[in-house]
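Geometric and topological summary
Each chain is listed here by its residues.
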2 protein chains.
Amino acid sequence: MYAAMGALGLAPDDQQKDYTPPSRSDFALSGRGAGSVVILGAGIAGLAAAYELGKAGYDCTVLEARDRVGGRNLTLRGGDRLPELSGATQEARFGEGVYFNAGPARIAQWMVTLDYCRELGVPIELFVNDNSSAYVYNSGMKAPVRARTARADTYGYISELLAKATNAGALNRRLTAGDKNRLLHFLSEFGDIGRTYTYTGSERRGFSVNPGTGAGVPLGSPPPLSEVLGYGLGRSITFPFGYEMAMPMFQPVGGMDAIAAKLADAVGRDRIRTSVEVKKITNLPDGVEVEHTGGATKADFCIAALPPHVLARIPGNLDARVVAALRTPTPVSGGKIGLEYRRRWWETDERIYGGITETDLDIAHIWYPSYGFHGTRGLVVGYYNLDEDAEAYARLTHAERQRRALTQGKKIHGEKYRSELLSSVSIAWQRQPHIEGAWVAWPSYEGAFALLQRPAGRVYFAGDWLTHLIAWQAGALESARNVVTQLHQRAVKEG
Amino acid sequence: MYAAMGALGLAPDDQQKDYTPPSRSDFALSGRGAGSVVILGAGIAGLAAAYELGKAGYDCTVLEARDRVGGRNLTLRGGDRLPELSGATQEARFGEGVYFNAGPARIAQWMVTLDYCRELGVPIELFVNDNSSAYVYNSGMKAPVRARTARADTYGYISELLAKATNAGALNRRLTAGDKNRLLHFLSEFGDIGRTYTYTGSERRGFSVNPGTGAGVPLGSPPPLSEVLGYGLGRSITFPFGYEMAMPMFQPVGGMDAIAAKLADAVGRDRIRTSVEVKKITNLPDGVEVEHTGGATKADFCIAALPPHVLARIPGNLDARVVAALRTPTPVSGGKIGLEYRRRWWETDERIYGGITETDLDIAHIWYPSYGFHGTRGLVVGYYNLDEDAEAYARLTHAERQRRALTQGKKIHGEKYRSELLSSVSIAWQRQPHIEGAWVAWPSYEGAFALLQRPAGRVYFAGDWLTHLIAWQAGALESARNVVTQLHQRAVKEG
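It should be emphasised that the depicted structure is a prediction, and the values quoted were computed from it without experimental measurement.

In this section: the interface of chain B and chain A. Frequently, the measure chosen for interface size is the accessible area removed from exposure when the parts meet. Opposite the 79 residues of chain B that make contact, chain A presents 79 residues. In total, about 6800 Å² of surface goes out of reach between chain B and chain A, with carbon and sulfur atoms giving 66% of it. Sorting the residues of chain B by area buried against chain A places Thr 213, Tyr 243 and Arg 351 of chain B first, and these three jointly supply 11% of that buried surface. Across the pair Arg 174 of chain A and Glu 160 of chain B runs a salt bridge, and its minimum N-O distance is 2.7 Å. Connecting chain B to chain A are 24 residue pairs in polar contact (both at pLDDT 80 or more). The element that contributes the greatest number of residues to the side of chain B that touches chain A is helix H4 (residues 147–167) of chain B, accounting for nine residues. Residue classes in the side of chain B that touches chain A are distributed as 41 nonpolar, 23 polar and 15 charged.

Now the structure itself:
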């Protein structure tokens, strides 16, 4: 059998020349797979595993407990229903063309997610993760301040302080004379403080009357240093410096679920059974048997691409150490509300085109849409919060969540934040059936995490939760690639 | 007559309630205009003036010396011909869907240009003006460095230096104890230097192997402080802090000339005469006569929306002080080259999706396209330079410009920068017929500038060159609004 597979190009790398090892942007399992695989969960990890195995010729079946594919890759549109574990069900009433990415909503340039978009023909567009015209609003501030203004003031004062310390000789032991000159030159540009090395404001703060035929009226003088330091803007200023968050970022045109939809199409919709709940997973000597609400499915291998805390509750004969490992990561609570407005006041009235207002309120962030610019309606994400804040909102009815989100957002945008609202939908991920969390947190990347990277008998595990890209679709995709590579190499060897 | 116009709603603000003064996003001349206006130049200023006057009922004729509308709003596509004053003519050979914005290419959120896009139905999309994955490359550097890496190192060291000076007491007279704590807290986040206040690198620098199922391999340790200061990155780091340059920025879908095209459609193509060169401008007691290569046009008023240095050469009876004023600003040389590649290697090989690499080479910048992501071909702007650099390239033949641009870009991107090239087009704005400059520079905003804000007899002047938004289409639009408001108020009074 092995010899036959080798002849067909199925043998792994070290035995067969035409096996192509996975690469970041050009993944392929070389040759034809001969086995069957049952995949639990039609989230991004499950779909990608089925897609890659399908390309290699495996006979895949995907079982999904929810009534649609995608898992947390969830885009809500008018008419969509969203049940919660509490029993409450919302129905989205958004207008034509308005959508709400209730789960993942942004993709970094370096992430493998973009490779799948390219490969699957999912058109992408830019996503604004950081907007100089959006606001920062922390409890230390009297009123919301535009991000550009807060940054200009912060960089101005930092530059002034460092220039003065440098000129006073405080860094003589650290800096050569040449270094000092270069540093001072840099600071004069970085803080826009000129050669006086004193920050007195900058046109970078913005204008109350824009330049035109006249010179414009720059915003007034900056607040005192002490007030700017009191803003507490470390996170607001630095989050887009992160490798995962740096601009530019991307989104699929028309909604994040285009990725799930194109993956499902590529897998074959006939191979995916939705509204089928897994009841038991049994490792057998020569395969795996999965009992579910639609009957039972037997396959050579199983890939369990469910959240670990959900998977841990499913009966079967998985080793107790494996089950304990699945129980190790802690689900993280997370929530969002999509607020549909009758007009795009953030664009017309406030000149904010996409991006995020950062707050220390319980709503955490307000996201302005990166699509539909200049259109009629638009959808603002009124909160995207985690942990205690997400739990506090989750305990409320949807109407109460909306009321609370509007009360908070009104502090930044005024009465129109309430009066222009058309409809809304809120999600509490920890209350989503069969998902029960926004993502998970591991106490460490040793032990349980490492154990689950390997199969338990003929059951493999996949998901963003098994990567260092938790909460990102890229994690689900990288995990799927890892697992199908392991499975394929074993299938070829066992063949 | 005046009473009749008042009854028709044509009287200005102080005399008639229903006159709507211009506002930034909702400009209108209230009531019907009764006069005729000849407009010289179908650039953005001329078109916008004709559009606004046309809405108010004026009978406008636009004379354009070039064979197309738009002026410097110029998008080149396959088949387009580009003559230069030198006599050389290029023909663009770009493939389907590839375009080159040879003139303006980006719009800030606050600019009136976006209002015209909304009003005219020009769809807009995001433009990447700043990309963490693009490079910075100055002669002080051994090799190109990703912007994210250069910034992480710069911010890391700055934070370390300022934290150390603060902890050493160097700023005790400037900072309270509370300020010091808040500053140190900020610096630990800003520089990612933790509580040791020592910069030893950061994941913000990037990864040589991205995180996935493994933790990834961060880029190595940062270069020493002295080397980072030697990069001379002030401008590269700070240009997106500017009010005009801050992210996000925008572009029309499909090419900047969509703005000119929609304006021209709204004006009425039959009112615009292209390839008609103005030969003489004569102020008459009751109007203006314009002689041109297509005959002569008489109107109640004239709006001269040509570059001032071109306008100054046209004979007529403009006052000598006006002509001297038109000669006051200096044309600025500027050039660009559009390099069409057979594949989008910057996306696939280097994970750069849009944005700009900043250099101190004579090419100044390399722009990656913010459209056509994941497509087959793509167009990179291989230089966008000014002054001496632009003049040096302008003196070359197109083939020589291309060769020089490729030699420079190869220093950053390697051999593929040359080998993957399909075709190119270069523009030297100072050599463009009837334009003769990228834009102008004023010695001051007094005197000549102020004089030309007012009409010379019945001739009004319009263009970005009469604003504090020189080189921006927003300047042309603001100038047009200013001039048509003046003209309308006078027409109503004279009526």
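Let's pick the thread back up.
Another aspect to go through is the domain arrangement of chain A. All names here are of chain A. According to the domain assignment, chain A contains domain 1 (36–71 + 258–330 + 441–494), domain 2 (75–133 + 247–255 + 332–431) and domain 3 (147–230). Summarising the inter-unit geometry, the C-alpha centres of domain 1 and domain 2 are found 29 Å apart. If you look at the interface, domain 1 gives 19 residues, while domain 2 gives 21 residues. Both faces combined, the contact of domain 1 with domain 2 buries some 1700 Å², and carbon together with sulfur accounts for 65% of it.

As a further point, take the sheet that holds strand S18 (residues 301–304) of chain B. The strands that make up a sheet are held in pairs by hydrogen bonds between backbone atoms, and each pair lies either parallel or antiparallel. Residue and element names in this part refer to chain B. Read from one edge of the open sheet, five strands run S14-S2-S1-S18-S26, paired in parallel fashion. Edge strands, defined here as strands with exactly one partner in the open sheet, are strand S14 (272–273) and strand S26 (459–461). Relative to S14, strand S2 (residues 59–63) is paired through two bridges, and the arrangement is parallel. Across the sheet, residue Leu 63 finds its bridge partner in S14, namely Arg 273.

A rotation about an axis combined with a shift along that same axis relates the two copies of the chain. When chain B is brought onto chain A, the operation consists of a screw motion whose angular component is 180° and whose axial shift is 0.0 Å, with 0.0 Å RMSD remaining. The two molecules are tied by a two-fold rotation axis, judged by turn and shift. A high fraction, 100%, of the interface residues of chain B reappear at the interface in chain A, so the copies pair face to face through one surface.

In this section: the packing of helix H2 (residues 44–55) of chain A against helix H8 (residues 257–267) of chain A. All names here are of chain A. As a packed pair, H2 and H8 sit with axes 9 Å apart at the nearest point and diverge in direction by 35°. As H2 runs across H8, the sense of the crossing is left-handed. Only Ile 259, Ala 260, Leu 263, Ala 264, Ala 266 and Val 267 of H8 make contact with H2, whose side of the interface consists of Ile 44, Leu 47, Ala 48, Ala 50 and Tyr 51. Class assignment of the residues belonging to the contact of H2 with H8 gives a composition of 11 nonpolar, no polar and no charged.

The next subject is the pairing of strand S23 (residues 378–386) of chain A. Residues and elements named next belong to chain A. The element S23 is largely enclosed, with a buried count of eight among its nine residues. Two strands pair when backbone bridges link them, and strand S20 (residues 334–341) and S23 are joined in this way by eight bridges, in the antiparallel orientation. Of the residues in S23, the one forming a bridge with Leu 339 is Val 380.

So, on to the pattern of salt bridges. Going through the model one piece at a time under the given rule, you end up with 63 salt bridges over all chains. For Glu 91 of chain A, the salt bridge identified is with Arg 81 of chain A, shortest N-O distance 3.8 Å. Taken as a pair, Glu 91 of chain A in strand S5 (residues 89–91) and Arg 81 of chain A in strand S4 (residues 81–83) lie far apart in primary sequence, 10 residues in all. Look at Glu 91 of chain A and you get partly exposed, because its relative accessible area is 43%. When the shortest N-O distance is used, the salt bridge between Asp 362 of chain B and Arg 404 of chain B registers 2.8 Å. In this pair, Asp 362 of chain B sits in the loop between strand S21 (355–359) and strand S22 (365–368) while Arg 404 of chain B sits in helix H13 (residues 398–413), placing the two residues 42 residues apart along the sequence. Three or more residues are tied together by salt bridges with common partners; here these are Arg 342, Arg 343, Asp 349 and Glu 420 of chain A.

Cut-offs applied
- Residues numbered from 1 in each chain as written.
- Chains lettered and ligands numbered in written order.
- Predicted model: local features only at pLDDT ≥ 70, side-chain atom pairs only at ≥ 80, totals over all residues.
- Heavy atoms only, no water.
- Contact = heavy atoms within 4.5 Å.
- Buried area = accessible area lost by both parts, 1.4 Å probe.
- Salt bridge = Lys/Arg side-chain N within 4 Å of Asp/Glu carboxyl O.
- Polar contact = N/O pair within 3.5 Å; in protein donor to acceptor, adjacent residues only side chain to side chain.
- Helix = DSSP H or I, 4+ residues; strand = E, 2+ residues; numbered from the N terminus.
- Nonpolar A, V, L, I, M, F, W, Y, C, P; charged D, E, K, R; others polar.
- Domains from an automatic or database assignment.
- Pairing = 2+ DSSP bridges.
- Least-squares fit on C-alpha atoms with pLDDT ≥ 70 in both.
- Axes fitted to C-alpha atoms, helices over the stretch in contact; angles between N-to-C directions.
- Left-handed = near helix turned anticlockwise from the far one by under 90°.
- Buried < 20%, exposed > 50% of the residue type's maximum accessible area, 1.4 Å probe, protein only.

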